[in-house]
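# Structural characterization, general
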Amino acid sequence: MRRRPAAGSRAGRRPERNDRGSSSPAEAPSRWVVGGRFDFGERAQELLLDALPPVIHVPGRTAEAATVRWALEQIDAELRHRPLASTLVTEHLALVMLIHLLRLHLAVARPGEVSGWLAGLADPVVAPALRAMHARPDRSWTVAQLAEVAAVSRSTLAARFKQVVGQGPLNYLSGWRIELAADRLRRGDGTVAAIAREVGYGSESALSNAFKRVTGASPRDYRRRIGAIGDSGVGAVRM
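All values derive from a computational prediction rather than experimental measurement.

With that settled, the discussion passes to the pattern of salt bridges. Within the structure shown, the criterion is met by 8 salt bridges. Measuring nitrogen to oxygen at the nearest pair gives 3.0 Å for the salt bridge that ties R80 to D76. Taken together, the residues R80 and D76, both in helix α2 (residues 63-81) and 4 residues apart, mark about one turn of the helix. By relative accessible area, R80 is classed as partly exposed at 46%. A relative accessible area of 23% places D76 in the partly exposed class. Between D183 and R187 there is a salt bridge, and its shortest N-O distance comes to 3.2 Å. Placement of both D183 and R187 in helix α8 (residues 169-187) is noted, with a separation of 4 residues, approximately one turn of the helix. When its relative accessible area of 26% is taken as the criterion, D183 is described as partly exposed.

See below:
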């Protein structure tokens with residue numbers, strides 16, 4: 001898998017050329033090159049893409065390779081024949097491939113090679129704390145409370161969390177709240193004050209200050225900018 005952060009989602013297929021540079025039907029190729037890309041939104045760079053290597057290699061004899069091969073065959077059939085809802089089916093098959101590639105990457109990575117929330121969700125000590133924060137971002141969590149959820153000492157959780165995720169639990173929680181607020185703002189639902197309460201800030205001004213510190217824009221300016229992009233049609237998903 002080669003990661004390419006891009007606006008929109010697209011998949012396609014083309015035959016590999018033979019040694020003479022021909023790809024005509026009369027000289028049918030034995031292999032196909034399938035290309036695609038995912039759009040995770042503008043806030044995904046730090047959350048996911050920065051934690052991934054440029055290329056993830058899937059060895060041919062692994063279980064993940066069998067799943068990827070199956071998904072590619074189904075995508076090929078959808079793109080060839082274009083049955084009803086082929087675009088939707090193709091998008092979901094691509095997501096299946098992505099998830100299996102990420103699982104493989106986490107499974108084979110050496111200690112320290114993967115960091116961030118993705119690595120944290122695969123760690124037996126960090127994962128319970130992450131799930132608790134994701135489930136209740138509005139709660140005033142302390143490191144001691146999160147350590148109790150993870151069934152370890154406060155010092156153990158703090159050290160392990162920073163080692164795996166790359167930052168402390170409460171710093172991660174602050175960033176996660178901003179991501180949730182940005183998502184709510186992109187979807188356009190709720191006032192800034194209501195969003196602040198939902199994601200764990202005591203007031204609209206507290207959210208505004210934290211949001212601007214992370215994104216460079218106030219929540220209202222961010223919502224207006226995202227709305228303008230949406231009105232222009234940029235970022236539509238296409239397959």
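Structure shown, so let's carry the discussion forward.
This next bit is on the packing of aromatic side chains. Applying the stated criterion to the full structure yields 3 aromatic pairs. Ring geometry for F161 versus Y172: centroids 5.9 Å apart, planes at 65°, classification edge-to-face. Here F161 is found in helix α7 (residues 154-165), whereas its partner Y172 is found in helix α8, with 11 residues between them in sequence. Y172 shares its class with F161; the two are buried. Ring geometry for F211 and Y222: centres 5.2 Å apart, planes at 70°, overall edge-to-face. With F211 in helix α10 (residues 204-215) and Y222 in helix α11 (residues 219-231), this pair connects stretches of sequence that are 11 residues apart. An aromatic cluster of three or more residues is present, and its members are F161, Y172 and W176. Directly above the ring of W141 sits R139, whose terminal nitrogen or CZ lies 4.1 Å from the centroid.

What follows is about the side chain of E64. Checked against the element boundaries, E64 lands in helix α2. Buried and without a salt bridge, E64 has R103 as its closest oppositely charged side chain, separated by 7.2 Å. When neighbours within four sequence positions are excluded, E64 is seen to be in contact with V58, H100 and L104.

Turning our attention to the packing of helix α5 (residues 126-135) against α7. Helix packing for two helices is described by the angle between their axes and how far apart those axes are. Axis separation between α5 and α7 bottoms out at 10 Å; the angle between their running directions is 85°. Considering the angle they form, α5 stands roughly perpendicular to α7. Here α5 contributes V126, A129, L130 and M133 to the contact with α7, which in turn contributes L157, R160, F161, V164 and V165. Along the lines of polarity and charge, the residues of the contact of α5 with α7 split into 8 nonpolar, no polar and 1 charged.

This next bit is on unusual backbone geometry. Of note, the phi angle at A85 is positive, near 65°, even though the residue is not glycine. Along the chain, the position of A85 falls in the loop between α2 and α3 (86-108). The backbone of A151 shows a phi angle near 60°, a positive value even though the residue is not glycine.

Taking 1.5 Å per residue, 19 residues should reach 27 Å; α2 reaches 28 Å between its end C-alpha atoms and fits that length. Along α2, the positions that sit buried rather than exposed are E64, A65, V68, A71, I75, E78 and L79. One face of α2 carries all of its buried residues, which in axial projection span an arc of 145°. Turned more than 90 degrees away from the buried face of α2, the exposed residues are A63 and H81. Trailing α2 by a residue or two, R82 shows a phi angle of about 50°, which is positive.

This next bit is on the environment of Q167. Relative to the assigned elements, Q167 resides in the loop between α7 and α8. A relative accessible area of 29% places Q167 in the partly exposed class. The spacing of Q167 and G116 is 51 residues in sequence and 8.3 Å in space, taken between C-alpha atoms. Excluding anything up to four places from it in sequence, Q167 contacts F161, K162 and Y172.

The rules behind the values
Residues numbered from 1 in each chain as written. Predicted model: local features only at pLDDT ≥ 70, side-chain atom pairs only at ≥ 80, totals over all residues. Heavy atoms only, no water. Salt bridge = Lys/Arg side-chain N within 4 Å of Asp/Glu carboxyl O. Helix = DSSP H or I, 4+ residues; strand = E, 2+ residues; numbered from the N terminus. Buried < 20%, exposed > 50% of the residue type's maximum accessible area, 1.4 Å probe, protein only. Phe/Tyr/Trp six-rings, centres within 6.5 Å; stacked < 30°, edge-to-face > 60°. Lys NZ or Arg CZ within 6 Å of the ring centre and 35° of its normal. Lys, Arg positive; Asp, Glu negative; His and termini not counted. Contact = heavy atoms within 4.5 Å. Axes fitted to C-alpha atoms, helices over the stretch in contact; angles between N-to-C directions. Parallel < 35°, antiparallel > 145°, perpendicular 65-115°, else oblique. Nonpolar A, V, L, I, M, F, W, Y, C, P; charged D, E, K, R; others polar. Expected span 1.5 Å × (residues − 1). Arc of directions from axis to C-beta.

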